[in-house]
Amino acid sequence: MQAHSNLLNWILWMPMIGAIVTLLIPSKMEKGIRWWSLVNTLTTFILTLVLYSKFDTTVPGMQEAFNVKIPWIAQFHINYSLGIDGISLPMILLTGLLFFLCIMSSWTITKQIKAYFSLFLFLQCSVFGVFLALDFFLFYVFWEVMLIPMFFLIGIWGGENKEYAAVKFFLYTFFGSILMLIGMVALYYASGQGADSFDILALSGGHFRNLNLELFGTNFAFNKLLFIFLFIGFAIKVPVFPFHTWLPHAHVQAPTAISVILAGVLLKMGTYGFLRIAYPIFPEASKYFSYSIAVLGIINVIYGAFCAMAQNDVKKLVAYSSVSHMGFVMLGLAAMTVQGMNGAVLQMFNHGTSTAMMFLLIGILYERSHHRWIVKPDGTKGFGGLYTQLPKFSIIFIIAMFASMGLPGLSGFISEALIFLGIYERFTSITALGLIGLLIGAAYLLWMYKRMFFGDVIDECKTYTDVNAREIAYMTPLCIAVIVFGIYPSPILNMMRASVGKLVSLLATF
Amino acid sequence: MPFNYLENLTHYIPELIICFTMIACILFESAYEKNDSDRGILYLIAILGLGSAGVFAYQKIFAENTFILGSALAIDSFSSTAKVLMIIGTIGALYLSKISKDIYQDLKGEFVIMSTGVLVGGCLLASANNMLILYIGIETLSILSYVMASFKKTDDRSSEAGLKYVLYGGVSAAVMLFGMSHIYGVLGTINFQEMATALSGIAQSYPNNQLTILIPSFILFIAGIGYKISSVPFHMWTPDVYEGSPMPVTTFFSIVPKIAGITILLRVSSLFFSESNLLSVSWFGIISSMSILTITVGNIAAIGQRSVKRMLAYSSISHAGMMMLGIVVLNTVGMRSILFYAVTYIFMTLVAFYILSIVNDEYDNDHFERFSGLIYKKPLMAILMAVTMFSLAGIPPLSGFVAKFHILNAVVKEGYYTLAILAGLNSVISLYYYLKIVRLMVFKPYEGSENLVGFGVLNQTIVTVLFIPIVMLGIFWAGTMAKLNLANILMN
């Protein structure tokens, strides 16, 4: 392996090159734009696979061989600094895969294709930036930039109430990141404004313990208050109850591909923020608040599940199921044990694949039915007997549903089992409540399936056609992923083990 | 030091050039027929004159700092930087006045002359080193502004704007003069350096209680300056005046008088209150609460507006508040953050007002709905406007964010977390109304058949050129900041 690899630079900027080239293609060449985007995302995905093949799973922490560090703003010691470790690699792979598949699912977009695909590739660039950045300032820039393409993607190509959803999404996330910004500046001064004051790795390790901070005339412990700032910033993204109210709107209004990206990748940015920034920098405060995080996590699990059960809109149902499943990730994070943390990272990956499947399938169905009602507002059935009409579709749906439910043999099971193993050591009663959440999860998914796929075929459904070749093409990789990683999760677990172990041992010293 | 008039003048070249430009403009203006539509030469003279003044002022940033004319003026790198910024703002407003239909043809000449005159006042204010020059500067700045506000003779709202401006301006100037005379009564001098020495002398020989008498005087004093930078609670005139004035005048008002006011407030604060005593603590309290109030009131009032111009007026109030926040910390970090904020603010304001002005000319009003579907008609302009709005709200990696980052950085460095959080959360509020315009431009369908003739190739190019710094300063701001880091206030 060469000493200085530019692979991370290529992964980060490849989508940006794609976006710029897309802008240069004349807007009449719709086919050209689509194929170019597909080739571009495929290249990016192959680059992430190359990264995976070169990745050394035995090294904990950042892999020196891939690090990129260029001074950016010398006055504040801000660097353009990228790196990769076992926690970010699964997210990189997931991002590469999902964006590639989403381009295929976006084939049916007809409105302003050029703008759509260039914004979409721009979004991919900013998501990679968040997962690769090792400089807090750079991380923040990418974290915020991501809002701009998302705002337009939801707002232009979304459903009937798209503007409200787009604005709500933007404002909520911006609110959280302002607190993060202030925390970031405060950290800069607390760490002595030295050469590495924005360097996430140098900040990590539990400095800043005996500092105080005055806010509204009251003294607070520096690390606890700043942890809360960062927590709110990340929790809005996850979304943790009570900051979740933007999510159902954004999901329901967003076009299919954007819902997939939102649930599959963007929500993980929140939990990734905990793993990369909040936990390593403030291990003591994280430990101090771990019970509160667990409580919020369990509220997410149960409340999200009950909300999902009450929905008549199947997309909203899946959106709330995301809230519930991200609650499991929060539980794993709160456990701070090896199994719990591994489970959390694995759940981030697995939820990314299974929920992406669900949203893609709903998108496929929507293209046929043009509505998503399980029960229409006037009380009649929206779907019925789909199983006899769309057999292939129904089988893929079953796989997605069971993976999301956590049925043994499919991917969701392993990660949830690890999370429960991890958290049992610390919060037994919460584990018991979490199992109830699992049960409710099974209930709403099965009930939805029963109402939509079984029973009498309603007239409307008789005209629907089964999945076509293109749709099968982008569902297959995900089907393989949920089945293979359900039986044999070691590739991902090996990837993250060393890095997660390092983080857990850091937390264990406090 | 012997009083060498000619040698002093060499330090005063930018202002002299501006004055002569104004005189030349007056002479040429009288040569035009009343209805002669093209006043090209006039604009050429003005822009060339201001441009060369800008070059000289820019050179002064790197020259030695000195007091001239018997310590009446301080020519230091800080005031020179401020002058360069004001000149850039004026040139921007000048070109806008040429293309705008909001200024009547026969009044274009007057706009050039008067804006140059206001600029002289602004430069005077930026360099003022005693109370008298400060007052003269403010009055030069104001008197011509009153006329400019009522340029649109046939429009009632413009006359109303002018009258309101005069009334508010007169009262606040009187209040300020009263405060200044009181301060003079206590300290016995009008020179800033001597005043600062006298203040610290009083603070040392009579700890605390003697200083209390000066607090109300300084509050009266700040009323005058607060009025110029339209900070709450002296902001009531701003929306009406901004709305009533023609578009180029509004653009001009939201740049030059604001920067001039901020610079003098900064100079006074850092000269008088850098020592810690009862007076500086009260000053800190006053400025910090004023700035937070300014930001918040400006933002909240902007939400409900129907006219884009009025919305921008309120948003400019809140930006002035952000700049004032940099004064609170009373150190050079804050000062340089303010200068950077001013740089970015000028370009953002110019781009926003250029686009607004051209849209306004087409429809003859500036309601939000006029922006509906702009992206389908003029995609480039709509994108530039959208990015400018994001920059105003402070989204990275745009210059507006970097400016906010610098201000927050200065505030957090001194440990004023409360101020930082209140100011930061305000940008969330501001994002809401900035998004409103983006939403209309991009999400709404395009109605009507107007083809927006104002967006010709030339104007689009100029807007794009003005827009480049908004993005570039957001990513590569190190070079600009290095220049601004040279800025210093000459203390004694």
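Further up the page is the structure itself.
Residue numbers here run from 1 along each chain, matching the order of that chain's written sequence. Chain labels run from A onward and ligand labels from 1 onward, assigned in the order the entries are written. Only residues with pLDDT of 70 or above have their local features reported here, since the model is predicted, and side-chain atom pairs are shown and tallied only from 80 upward, although totals for entire chains, interfaces and linings are computed over all residues. Hydrogens and waters are ignored; side-chain quantities use all the structure's heavy atoms.

Chemist: In this structure, what is going on with the overall build of chain A? I would like to understand it.
Modeler: Segments assigned H or I by DSSP are reported as helices when at least four residues long, segments assigned E as strands when at least two residues long, and all are numbered from the N terminus. Of the regular secondary structure elements, chain A holds 21 helices and four strands. For 510 residues, the compact-globule estimate of 2.2 N^0.38 gives 24 Å, and the C-alpha radius of gyration of chain A, at 22 Å, lies within 12% of that figure. With respect to the three principal axes, the spread of C-alpha positions in chain A is 70 × 60 × 45 Å. Any two residues having at least one pair of non-hydrogen atoms within 4.5 Å are treated as being in contact. A sequence separation of at least 24 residues applies to 81% of the contacts in chain A between residues at least 6 apart. For the accessible areas, the method is Shrake-Rupley and the probe is 1.4 Å, while residue cover comes only from the protein chains on display. Roughly 16600 Å² of accessible area belongs to chain A as shown, and the carbon and sulfur atoms make up 66% of that amount. Under this rule, positive means Lys or Arg and negative means Asp or Glu; His and the chain ends count for nothing. By convention, the point assigned to a charge is CZ for Arg, NZ for Lys, CD for Glu and CG for Asp. Counting 29 positive and 22 negative side-chain charges, chain A places the centres of these two groups 4 Å from one another. Only the C-alpha atoms count toward the radius of gyration. The rule for a globule is 2.2 Å times the residue count to the power 0.38.

Chemist: Where do I start with the overall build of chain B in this structure?
Modeler: What chain B contains, in helices and strands, is 21 helices and two strands. Expected size for 492 residues packed as a compact globule is a radius of gyration near 23 Å; at 22 Å, chain B falls within 12% of this value. In terms of its C-alpha atoms, chain B occupies a principal-axis envelope of roughly 75 × 55 × 45 Å. Going through the 492 residues of chain B one by one, you find that 64% of them count as buried. At a minimum sequence separation of 6, the contacts of chain B that also span at least 24 residues come to 80%. Partly exposed residues are those whose accessible area sits between 20% and 50% of the maximum for their type, while under 20% is buried and over 50% is exposed, using a 1.4 Å probe and protein chains only.

Chemist: What should I look at first to understand the interface of chain B and chain A in this one?
Modeler: By a widely used convention, the size of an interface equals the accessible area lost when the partners come together. On the side of chain A, 40 residues touch chain B, which itself brings 38 residues to the contact. Summed over both partners, the accessible surface that disappears when two parts come together, traced with a 1.4 Å probe, is what is meant by buried area. Summed over both sides, the interface between chain B and chain A buries roughly 3500 Å², with carbon and sulfur atoms accounting for 81% of that surface. By the criterion of area lost to chain A, the three top residues of chain B are B:F405, B:Y417 and B:F443, representing 19% of everything that side buries. For this document, the term salt bridge refers to a Lys or Arg side-chain nitrogen within 4 Å of an Asp or Glu carboxyl oxygen. Where chain B touches chain A, the interface holds two salt bridges. Pairs of N or O atoms are called polar contacts if they sit within 3.5 Å, as long as, within protein, a hydrogen donor faces a hydrogen acceptor (for residues adjacent in sequence, only side-chain-to-side-chain pairs). Inspection of the chain B/chain A interface yields four residue pairs in polar contact (both at pLDDT 80 or more).

Chemist: Looking at this structure, how should I read empty space enclosed by the protein?
Modeler: Over the atoms rolls a probe the size of a water molecule, and its path tells where empty space is left. All names here are of chain B. Buriedness for pockets is judged along seven lines, at least five of which must meet protein on both sides within 12 Å for an open set on the 1 Å grid over protein atoms alone, while cavities are sets there where a 1.4 Å probe fits but cannot get out, and lining residues have an atom within 4 Å of a point. Grid points are joined across faces, edges and corners, and a volume is the space filled by probe spheres set on the points. Counting across every chain of the model gives seven cavities of 30 Å³ or more. What the largest cavity holds in volume is close to 70 Å³. As for the largest cavity, its lining consists of I295, N299, S318, H319, M322, Y341, L392, K404, A423, N426, S427 and S430. Secondary-structure elements contributing two or more residues to the lining of the largest cavity are α13 (278-303), α14 (308-328) and α19 (417-443).

Chemist: Explain unusual backbone geometry to me, please; I cannot follow it from the model alone.
Modeler: Excluding glycine, a negative phi dihedral is what most residues carry, and trans is how most peptide bonds are arranged. Cis geometry marks the peptide bond from A:F241 to A:P242; its omega dihedral reads 0°. Inspection of the secondary structure puts A:P242 in the loop between α9 (222-237) and α10 (246-253). Cis rather than trans, the peptide bond between B:V232 and B:P233 has omega equal to 5°. Inspection of the secondary structure puts B:P233 in the loop between α9 (214-228) and α10 (237-244). Of note in the backbone geometry, A:H77 takes a positive phi value of approximately 60° without being a glycine. Assignment of secondary structure puts A:H77 in the loop between β1 (68-73) and β2 (78-82).

Chemist: Just checking my understanding: could you explain the layout of surface pockets for this structure?
Modeler: There is about 1500 Å³ of room inside the largest pocket. Every residue lining the largest pocket is counted, 42 residues in all, and those nearest its centre are A:M16, A:L23, A:L119, A:F122 and B:V387. No other element matches the seven residues that helix α4 (residues 113-132) of chain A contributes to the lining of the largest pocket. All residues other than Ala, Val, Leu, Ile, Met, Phe, Trp, Tyr, Cys, Pro, Asp, Glu, Lys and Arg, Gly among them, are scored as polar; the first ten of these are nonpolar and the last four charged. Grouping the constituent residues of the lining of the largest pocket by class yields 36 nonpolar, four polar and two charged. As a volume, the second largest pocket reaches approximately 760 Å³. Lining the second largest pocket are 34 residues, and of these A:G159, A:A254, A:K315, A:Y366 and A:R372 sit closest to its centre.

Chemist: When you look at the pattern of salt bridges in this model, what are you seeing that I'm missing?
Modeler: Any two side chains of opposite charge can pair if their charged atoms end up close together. As enumerated under the stated definition, the model contains 19 salt bridges over all chains in all. For A:R276, the salt bridge is made with A:D85, and the minimal N-O distance between the two is 2.7 Å. Taken together, the residues A:R276 in helix α11 (residues 256-281) and A:D85 in the loop between β2 and α3 (88-105) connect sequence positions 191 residues apart. In this structure A:R276 comes out as buried when scored by relative accessible area, which is 6%. On the accessibility criterion, A:D85 (4% relative accessible area) is buried. One salt bridge connects B:K152 with B:D155, and the closest N-O pair in it is separated by 3.8 Å. Across the pair, B:D155 and B:K152 agree in class, each one buried. Each of B:D102, B:K152, B:D155, B:R157, B:E160, B:K164, B:D240, B:E243 and B:R310 takes part in one network of salt bridges that share partners.

Chemist: Where do I start with the environment of A:W373 in this structure?
Modeler: Residues and elements named next belong to chain A. For W373, the position within the fold is in the loop between α15 (338-369) and α16 (386-389). Considering only alpha carbons, one finds W373 and I399, 26 residues apart in sequence, at a separation of 21 Å. Apart from the residues lying within four places of it in its own chain, the contact partners of W373 are N312, D313, G382 and F383.

Chemist: I would appreciate a short explanation of the environment of B:Q105 in the present structure.
Modeler: Residues and elements named next belong to chain B. Its place among the elements puts Q105 in the loop between α4 (77-99) and α5 (108-127). For Q105, a relative accessible area of 41% corresponds to the partly exposed category. Each C-alpha atom, one on Q105 and one on L16, is 28 Å from the other, the two residues being 89 residues apart in sequence.

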